[in-house]
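Take a look at the letters that make up each chain.
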Amino acid sequence: MPNAAVAQTSPSPQASFKSLSNAIRALAMDAVEKAKSGHPGMPMGMADVATVLWTKFLRFDAANPHWPDRDRFILSAGHGSMLLYALAHLTGFKKMTMEEIKNFRQLGSHTPGHPEVDPEVGAEMTTGPLGQGIAHSVGFALAERILAARFGSDLVDHRTFVIASDGDLMEGISHEAASLAGHLKLGRLVVFYDDNKISIDGSTSLSFTEDVQMRFRAYGWHVQAVDGHDPTAIEAATKAALAETGKPSLIACRTIIGFGAPKKQNTHGAHGAPLGEEEVAAARVQLDWPYEPFTIPADILAEWRKAGSRGHADYEAWGKRHAAHADHVAFDAAMQGDMPQTAHDALLALKNKLAAEKPNHATRQSSGAALEVLLPVITELVGGSADLTPSNNTQVKNFVDANADNNYDGRYIRYGVREHGMAAAMNGMALHGGIIPYGGTFMQFADYCRPAIRLAALMSQRVVYIMTHDSIGLGEDGPTHQPVEHLAALRAIPNLLVMRPCDGIETAECWELALKNKNRPSLMALSRQGLPTLRSRDGKACPENLSACGAYILAGMDEKRDVTLLATGSEVMLAMEARAKLKEQGITAAVVSMPCWELFEEQADDYRAFVLGTAPRIAVEAGIRQGWDHYIGANGGFVGMHGFGASAPSPKLYAHFGITADAVAALAQKALARKG
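First, a word on what this report is: a plain description of the structure on this page. Worth saying up front: this structure is predicted, and the values here are computed from it rather than measured.

## With respect to the overall build of the protein chain
Move 1: Looking only at helices and strands, one finds 26 helices and 20 strands in the protein chain.
Move 2: The C-alpha atoms of the protein chain give a radius of gyration of 28 Å, which matches the 26 Å a tight globule of 676 residues would have.
Move 3: Along the first, second and third principal axes, the C-alpha set of the protein chain runs to 95 × 55 × 45 Å.
Move 4: Within the span of the protein chain, comprising 676 residues, buried residues form 61% of the whole.
Move 5: Counting contacts in the protein chain only where the partners sit at least 6 residues apart, residues at least 24 apart contribute 78% of the total.

## Quick look at the side chain of Thr389
Move 1: With respect to the helices and strands, Thr389 occurs in helix H16 (residues 389-392).
Move 2: Take Thr389: its relative accessible area is 12%, and that puts it in the buried class.

## A look at the sheet that holds strand S20 (residues 637-640)
Move 1: If you trace the 5 strands from one edge of the open sheet to the other, you get S16-S18-S17-S19-S20, paired in mixed fashion. In this open sheet, the two strands that pair with only one neighbour each are strand S16 (552-555) and S20. Each neighbouring strand pair of the sheet contributes to a mean axis angle of 30°, computed without reference to strand direction.
Move 2: Bridge count for S16 against strand S18 (residues 589-593) is 3 bridges, and the pairing is antiparallel. Looking at S18, one finds that Ala555 is bridged to Val591.
Move 3: Relative to S16, helix H23 (residues 605-612) is tilted by about 25°, and along the sheet it contacts S16, strand S17 (563-567), S18 and strand S19 (617-621).

## Concerning the sheet that holds strand S7 (residues 222-227)
Move 1: Ordered by their spatial adjacency, 5 strands build an open sheet running S2-S3-S4-S8-S7, and the pairing between neighbours is parallel. Strands with a single pairing partner mark the edges of an open sheet, and in this sheet they are strand S2 (72-75) and S7. With strand direction ignored, the average angle separating the axes of adjacent strands in the sheet is 20°.
Move 2: Where strand S3 (residues 160-165) lies against strand S4 (residues 189-195), 6 bridges are found, and the strand directions are parallel. Counterpart to Ile163 in the pairing with S4 is Phe192.
Move 3: The sheet strands contacting helix H5 (residues 132-151) are S2, S3 and S4, and the helix crosses S3 at an angle near 170°.
Move 4: Lying over the sheet, helix H8 (residues 212-219) contacts S4, S7 and strand S8 (249-254), oriented at roughly 155° with respect to S7.

## Observations concerning the nonpolar core
Move 1: Membership of the largest hydrophobic core comes to 74 residues, with the highest contact counts inside it found for Leu186, Leu189, Phe216, Trp221, Ile453, Tyr465 and Leu490.
Move 2: Here this core takes 11 residues from H5, the largest share from any one element.
Move 3: The contacts of Tyr465, once residues within four sequence positions are left out, are Ala423, Met426, Asn427, Gly439, Ala452, Ile453, Ala456, Pro521, Ser522, Leu523 and Met524.
Move 4: Counting 59 residues, the second-largest nonpolar core is a separate cluster that includes Ile101, Val121, Ile163 and Phe294.

## Quick notes on the pairing of S19
Move 1: Counting buried residues along S19, 5 of its 5 residues qualify, which places the element largely inside the surrounding structure.
Move 2: The two faces of S19 match: Arg617, Ala619 and Glu621 on one face and Ile618 and Val620 on the other face are all buried.
Move 3: Bridge analysis of S19 against S20 gives 4 bridges, and the strand direction is parallel. Its bridge partner lying in S20, Ala619 is registered against Phe638.

Rules and cut-offs
Residues numbered from 1 in each chain as written. Predicted model: local features only at pLDDT ≥ 70, side-chain atom pairs only at ≥ 80, totals over all residues. Heavy atoms only, no water. Helix = DSSP H or I, 4+ residues; strand = E, 2+ residues; numbered from the N terminus. Rg over C-alpha atoms; globule rule 2.2 N^0.38 Å. Buried < 20%, exposed > 50% of the residue type's maximum accessible area, 1.4 Å probe, protein only. Contact = heavy atoms within 4.5 Å. Pairing = 2+ DSSP bridges. Axes fitted to C-alpha atoms, helices over the stretch in contact; angles between N-to-C directions. Core = buried A, V, L, I, M, F, W, Y, C linked by side-chain atoms within 4.5 Å.

Shown next, in the form of structure tokens:
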């Protein structure tokens with residue numbers, strides 16, 4: 001049992017509801033006060049709602065926080081993190097000791113300013129950027145339904161609960177997510193809306209006056225409104241929400257922010273700053289909480305610990321069902337998420353097929369071909385697209401949609417034109433476990449997905465973002481749809497693998513890498529235009545995954561090079577053409593394909609030095625220069641974009657912007673002249 005400072009009082013037969021919720025309030029205001037930083041108002045305002053949920057409804061076992069069939073609780077209002085930390089400590093999560101509560105917002109603690117994913121402290125995901133928690137919850141709830149369709153309710157039968165704030169519902173992503181959840185009829189998703197009508201600026205009436213309840217009814221949600229400080233009403237509303245199986249539920253809880261703080265409650269002064277010693281002392285009187293800071297009376301702690309162990313019998317019963325279940329091995333494999341050998345074999349066979357046939361396919365088509373061999377052997381793969389399925393090549397024949405009409409027994413999600421909501425839902429599915437999500441849109445719209453992509457990287461989640469139409473090569477749709485700065489911007493995100501393959505063989509290798517990297521997301525930048533097969537040698541593909549090194553010498557390995565040509569994706573063929581032109585002039589050029597900078601940076605120094613060589617380097621990529629100087633050096637050159645694109649057929653655009661083999665060869669000659 002985690003240590004706690006316990007007041008030596010005579011235990012009552014059962015601590016009152018008021019005392020249970022006030023324990024949350026006390027820990028929240030004490031921790032924020034000690035840290036001199038934080039948000040006490042939301043935990044104090046939502047303490048009553050959280051107490052009802054965690055003591056009466058949430059199915060979990062604090063001693064077994066990784067139980068696959070536990071209910072998921074998501075604090076979308078992550079600024080109120082002390083609500084979650086107080087609940088985790090009080091219910092007995094081993095990691096969440098009183099020392100951790102005292103170390104709130106301190107370096108190395110399990111109590112950072114905003115929750116960071118760790119089920120062992122009750123944090124199912126990282127929250128803080130408003131709107132993300134409620135949006136990710138759609139993925140959690142959807143994953144539960146898909147896995148229940150696959151394995152049955154004996155193994156998968158739980159709910160997703162969310163506490164969301166006014167700010168969460170102001171964010172645009174909440175509209176996408178709530179609309180999708182209503183469409184999918186995710187009846188096991190319950191959101192408690194902290195309707196305290198206070199934001200940082202003051203009253204929400206300054207900027208937020210829509211009818212939230214009517215809005216959610218329009219989405220197809222079951223909606224109720226309650227007094228957020230009336231435990232009987234909260235309990236009744238929660239029961240009604242659980243009884244509504246065909247719609248997600250919103251319970252609007254009218255609360256008082258900073259409840260119990262006499263001068264600051266119901267004001268923005270309670271939102272994002274410590275209450276101050278005087279106000280904390282006054283709140284103790286107001287709440288009838290006469291105990292020292294960080295002290296929980298024995299009877300109150302005992303009641304909370306009962307809540308933390310209330311689900312243990314369910315956990316043990318589930319364990320027995322799991323052991324007896326015919327598919328328990330497959331279930332465990334799904335939750336473990338390892339890439340099976342059959343998937344590796346299927347991709348190697350595909351590589352050999354491509355090497356023999358040498359197709360001139362767009363890499364988006366090559367990605368679709370990879371999915372055709374992967375989906376039959378990786379049952380956990382669940383795909384989708386933001387209303388661009390034919391363009392993204394993300395759906396495979398004979399694999400049906402997952403929706404309410406077929407009880408979610410499918411492997412494909414129709415996200416609609418909701419790129420941000422899609423990215424967040426995919427993250428939620430990955431966090432839930434048992435599913436490897438992938439989804440597609442145009443690369444230009446990666447900007448719409450970026451906050452969720454960043455969170456996936458921060459949370460170390462395996463999510464595969466398929467971004468097609470990755471350059472001016474998409475042609476006539478023009479500069480609004482032509483990504484030029486996106487590769488540089490995406491490469492700036494730590495722990496994200498940005499992969500831009502040059503042909504079908506590299507695309508297959510990139511898929512293998514995305515699946516093998518369980519602790520980071522991958523983004524594939526794929527072409528609209530057809531590209532030649534460059535990796536075929538005597539009709540066979542190298543069995544080794546060369547892309548795993550991030551960059552490798554595609555041509556000129558055994559020659560003494562005069563110049564090195566660096567390229568990614570659709571421009572690797574230009575580098576190969578430039579190599580041939582330079583050869584005619586007696587210049588030996590090595591061509592280096594660089595499908596993934598992040599993986600290349602992880603290689604040994606001597607390997608990177610060997611690949612880059614000491615000769616002058618010229619880079620070619622149909623994007624901006626940013627980032628390339630790290631590789632080309634002071635004496636190198638860059639062929640690429642220097643501004644936005646234009647509307648025209650792809651070949652004319654490449655010529656217009658000077659991204660040609662002739663331009664690469666000319667720049668190489670210029671670099672050699674400078675060197676000479």
